[in-house]
Amino acid sequence: LSAGDIRRARVRHVHIGELTTLIERPDVLAAARDAGATVSLDCGWDDELEATGIAALLAEVDVFLPNASEADALQRLGVPLDGPGLTVVKCGADGAMATVGTRMIHIDAPAVANVDPTGAGDAFNAGFLDAWLAGQDVEACLTAGNATGARAVSGCGGFPNGVERAQVAKIATH
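Note that the structure is a prediction, hence the values are computed from the model and not measured.

S.K.: I'd like a description of the packing of aromatic side chains, backed by residues and values.
M.R.: Counted according to the given criterion, the structure contains 1 aromatic pair. Ring centres of F124 and F128 lie 6.0 Å apart, and the angle between their planes is 20°; on these two criteria the pair is classed as stacked. Of the two residues, F124 and F128 are both situated in helix α6 (residues 120-133); the distance of 4 residues between them amounts to about one turn of the helix. Residue classification places F124 among the buried residues on the basis of a relative accessible area of 5%. Under the relative-accessibility criterion, F128 is labelled buried at 0%.

In structure tokens:
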């Protein structure tokens, strides 16, 4: 993957689905930056992870999206989560939180029946990043992420029946 590939695809944002991929392919960061794209990263925990080099990679990411257990595991390894980018911790039914400067922001998740948690984290990422890329504030991004995560767990499978922005807005306001 090169900056030219990213520019030709007219991509303005690159999402990396797991930390292991970034460790194996750190060149993706430079390619994205050279193309003028922002970068987000989901953690996708791997018990084989070692702390070496992780902090430097996270410092190059605009939005890091671990879940609470992944964030705790990284901190136990000595990896700081307060780098220059935005770290958003997904807390399942308890919502999500982000630190902006010295301020911790927590937004509760909407109450829904948890039918199947498959894909909830990825759905959260999609909702959060859609709002973030649209320039919304962190509170609105957390709310959108929580709403898409709630929509994902409300049916069987990774993302039942898809989702539209209007549905996300409706879930977010209840």
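S.K.: Could you give an account of unusual backbone geometry, with specific residues and numbers?
M.R.: In this model, R10 sits at a positive phi of 55°, which is unusual for a non-glycine residue. Among the structural elements, R10 can be located in the loop between α1 (3-8) and β1 (13-16). For R10, a relative accessible area of 78% corresponds to the exposed category.

The rules behind each value
- Residues numbered from 1 in each chain as written.
- Predicted model: local features only at pLDDT ≥ 70, side-chain atom pairs only at ≥ 80, totals over all residues.
- Heavy atoms only, no water.
- Phe/Tyr/Trp six-rings, centres within 6.5 Å; stacked < 30°, edge-to-face > 60°.
- Helix = DSSP H or I, 4+ residues; strand = E, 2+ residues; numbered from the N terminus.
- Buried < 20%, exposed > 50% of the residue type's maximum accessible area, 1.4 Å probe, protein only.

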